[in-house]
Every structure is written in structure tokens, then in C-alpha cells.
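Spelled out from the first residue to the last, the chains are:
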Amino acid sequence: MPLFASVSASVRFYVSLLVTGLVFVVLDAGSCVLRHILPDGARRRRVARRWLCFMARLAVRYLHAAGILDCDMAALGAITQRRNLVLVANHPSRLDSLILAAALPHMACVTKASIWERGVLGSTLRTAGYIRHDTLLKIIGPASQCLQEDCQLLLFPEGTRSRAGAEPGPIQPGFAAIAQRTRSAVQVILIETTSPYLSQGWPFLKRPPLPMRYRIRLGPHFAAPKRDEASGRALIEAVESCFRSSLQDRENLEHS
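To keep things clear, this report deals only with the structure shown in the data block. (Residues numbered from 1 in each chain as written. Predicted model: local features only at pLDDT ≥ 70, side-chain atom pairs only at ≥ 80, totals over all residues. Heavy atoms only, no water.)

1. With respect to the overall build of the chain
Scanning the chain from terminus to terminus reveals seven helices and seven strands. Starting at the N terminus and walking to the C terminus, you meet the elements of the chain as α-α-β-β-α-β-α-β-α-β-α-β-β-α. Taken against the 2.2 N^0.38 rule, which gives 18 Å for 256 residues, the C-alpha radius of gyration of the chain at 18 Å falls within 12% of a compact globule. By principal-axis analysis of the C-alpha atoms, the chain measures approximately 60 × 50 × 30 Å. Among the 256 residues that make up the chain, the fraction classed as buried is 50%. Summed over all atoms, the accessible surface of the chain reaches about 12,200 Å², with 57% contributed by carbon and sulfur. Charge separation in the chain, taken as the distance between the mean sites of 32 positive and 19 negative side-chain charges, equals 7 Å. (Helix = DSSP H or I, 4+ residues; strand = E, 2+ residues; numbered from the N terminus. Rg over C-alpha atoms; globule rule 2.2 N^0.38 Å. Buried < 20%, exposed > 50% of the residue type's maximum accessible area, 1.4 Å probe, protein only. Areas by Shrake-Rupley, 256 points an atom, 1.4 Å probe, with all protein chains shown as cover. Lys, Arg positive; Asp, Glu negative; His and termini not counted. Charge placed at Lys NZ, Arg CZ, Asp CG, Glu CD.)

So, in C-alpha cells, the structure goes:
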């Protein structure tokens with residue numbers, strides 16, 4: 001039974017927004033401490049990623065207990081300790097990064113440049129070695145460094161969140177270029193949800209039906225692609241096919 005089950009869904013939802021905001025404040029404060037006690041380098045980024053994972057896991061567990069979120073991410077246990085791996089995931093919601101960070105302590109993510117301008121979250125992402133998404137040429141170097149540090153590098157190749165129930169957007173080729181350049185394997189992650197919350201166009205303060213149901217599945221695992229155009233194109237088409245087929249699976253989840 002959810003924590004505070006007798007409390008109305010609206011009250012639980014808006015209290016959860018405040019609690020999650022507090023988690024982010026504590027997360028940033030801890031990141032600030034790390035920047036002052038550890039010199040810039042691989043060790044500080046590694047510790048910061050573990051700190052981010054711990055706080056994200058705390059937030060997700062609270063959302064579960066409060067009946068806000070129902071998320072099955074057990075499948076991610078199979079890759080938790082795998083390193084030098086390019087992760088590609090579909091992107092139905094802004095919650096995607098939080099959920100994945102809660103399960104994957106060695107993960108870094110390529111994130112929108114606009115997020116880096118935010119006072120709280122931006123500084124935390126810098127400390128954890130996340131990568132600012134500018135042009136492909138600008139992210140290749142940091143992505144290579146990230147993978148050399150035994151990280152998992154997450155990209156959302158649609159480039160933006162999808163609208164609830166809509167087909168995935170066009171797949172951008174950056175993840176394939178990074179995998180080719182760094183000779184890294186690629187793991188597809190499929191995020192299935194019945195919730196429209198924080199999909200494209202959904203207001204932050206608008207309460208969705210609760211609980212928000214998520215299921216995380218592992219898609220195909222691809223060996224490091226060869227460094228030729230045909231191999232890169234084949235990888236992109238395979239990932240695009242996975243994303244499109246997962247849409248039907250999300251519809252099945254909604255009716256189950």
C-alpha cells in the first residue's frame with residue numbers, strides 16, 4: 001500500500017514535487033562539497049556519479065512509496081557493472097534520466113545545452129562528467145574520455161522527448177559515430193510508460209493519472225561497429241526499428 005494512502009492523489013503529487021526538489025538541492029550541495037575536496041579528474045567524476053546515483057535512487061524510492069511512480073527497472077541489473085558501453089534509449093519523459101541514473105551508478109549522459117545553464121542541476125552534471133550536447137564534433141572528445149574512464153555513456157538519439165503515444169522521432173546518428181570512434185558496444189534500452197507526464201508539451205505542474213507506470217527493458221546488444229559508413233547506417237536503422245517496435249509494446253502495457 002502506498003505511503004500516505006489515505007491522502008488524496010493531488011496532495012501526494014504536489015508534495016512529491018517539493019520532496020524531489022529538495023533531493024536536487026541536497027544533490028547539488030554534495031556536488032559542491034566534492035568540487036572543493038577533490039581535484040578535478042576521473043576520481044572526482046566517478047565519486048560524483050555514485051553520489052548522483054544514490055540521490056536519484058532515494059528520489060525514485062520515495063516516489064514508489066508515495067504511490068506516485070510504479071517502475072519496473074529490474075532488467076537494468078544485467079548491465080549495472082558493464083563498462084565502456086554506449087547506451088541508447090528512447091525518450092518519452094523528462095523522468096527518463098532520473099530513473100536510469102537511479103539504477104546505473106557508472107552512467108554519464110549527453111544532455112541538452114540548456115540544462116547546463118540551470119543553477120542547480122547544471123553544476124552537478126559538470127561535476128559528474130556529463131557531456132554538454134553541442135555539435136557532434138564537440139562531443140566526440142568528451143565522449144571518448146568518458147568511455148576511457150570505464151563509464152556507460154547514455155544518449156537519447158531522438159534528440160528530444162516524444163509526445164505521449166506518438167511514434168519515435170527521427171534518429172540522430174551521433175551515437176553510432178561515437179561507438180565507431182571509440183570501438184564501443186551499444187546497448188539499447190527501451191522505456192515503456194503509460195504516463196504522459198513530462199512528455200513533450202506536458203506542463204510540469206499538471207498532475208497525471210497516478211501511479212505513473214514505467215517498465216524498462218533491455219533491447220538488443222550490438223558489438224562495436226566497424227568504422228565504415230555501411231556499418232554505421234546499419235546500426236542506426238536497427239536502433240530505429242527497435243524504438244518503433246517498442247511503441248506497440250507500450251500500448252500493450254497500457255491495456256495490461
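We are not done yet, so read on.
2. Considerations on the pairing of strand β1 (residues 69–72)
Here β1 shows one buried face, formed by L69 and C71, and one open face, formed by D70 and D72. Taken together, the four bridges between β1 and strand β7 (residues 212–222) define a ladder with parallel strand orientation. Bridge assignment links L69 to a residue of β7, and that residue is M212. (Pairing = 2+ DSSP bridges.)

3. What to know about the pattern of salt bridges
Using the criterion set out here, one finds eight salt bridges in the structure. Residues D40 and R45 are paired through a salt bridge, measuring 3.5 Å at the closest nitrogen-oxygen approach. With relative accessibility at 59%, the residue D40 sits in the exposed group. Shared partners join several salt bridges into a network, and the residues in it are D40, R44, R45 and E149. (Salt bridge = Lys/Arg side-chain N within 4 Å of Asp/Glu carboxyl O.)

4. Let's talk about the environment of F222
Summarising the element assignment, F222 is placed in strand β7. It is 13 Å that separates the C-alpha atoms of F222 and N84, two residues lying 138 residues apart in sequence.

5. Notes on the environment of S144
Among the secondary structure elements, S144 is positioned in helix α5 (residues 136–148). Residue S144 is classed as buried on the basis of its relative accessible area, which comes to 17%. When the C-alpha positions of S144 and A223 are compared, they lie 17 Å apart, and in sequence the two are 79 residues distant. Sequence-distant contacts of S144, defined by excluding residues within four places in its chain, comprise R181 and T182. (Contact = heavy atoms within 4.5 Å.)

6. Let's talk about the environment of A223
With respect to the helices and strands, the residue A223 is situated in the loop between β7 and α7 (229–255). Using a relative accessible area of 62% as the deciding quantity, one classes A223 as exposed. Between the C-alpha atoms of A223 and F13, which are 210 residues apart in sequence, the distance is 42 Å.

7. Section: a nonpolar patch on the surface
Residues Y14, F204 and L205 make up a contiguous nonpolar surface patch of roughly 310 Å² in combined accessible area. Following the sequence through the fold, Y14 ends up in helix α1 (residues 9–37). The class for Y14 is partly exposed, based on a relative accessible area of 36%. (Patch = residues over 30% accessible without salt bridge, like charges linked within 9 Å, V, L, I, M, F, W, Y side chains within 5 Å.)

8. Topic: the packing of α1 against helix α2 (residues 42–65)
Remark: α1 packs on α2, axes separated minimally by 10 Å, with the N-to-C direction vectors making an angle of 165 degrees. Between α1 and α2, the crossing angle belongs to the class labelled roughly antiparallel. α1 and α2 meet at a crossing whose hand is right-handed. Residue-level inspection shows V15, S16, V19, T20, V23, V26, L27, G30, S31, L34 and R35 of α1 in contact with α2, the latter providing R44, V47, A48, W51, L52, M55, A59, Y62 and L63. Its residues assigned to classes, the contact of α1 with α2 shows 14 nonpolar, four polar and two charged. (Axes fitted to C-alpha atoms, helices over the stretch in contact; angles between N-to-C directions. Parallel < 35°, antiparallel > 145°, perpendicular 65-115°, else oblique. Left-handed = near helix turned anticlockwise from the far one by under 90°. Nonpolar A, V, L, I, M, F, W, Y, C, P; charged D, E, K, R; others polar.)

9. Description of unusual backbone geometry
P211 follows L210 through a cis peptide bond whose omega is -5 degrees. You can see P211 is positioned in the loop between β6 (185–193) and β7. The backbone of D150 shows a phi angle near 65 degrees, a positive value even though the residue is not glycine. At R183, a residue that is not glycine, the phi angle is positive and equals roughly 55 degrees. Secondary-structure assignment places R183 in the loop between α6 (174–182) and β6.

As far as function goes, none of this settles anything; it's purely spatial.
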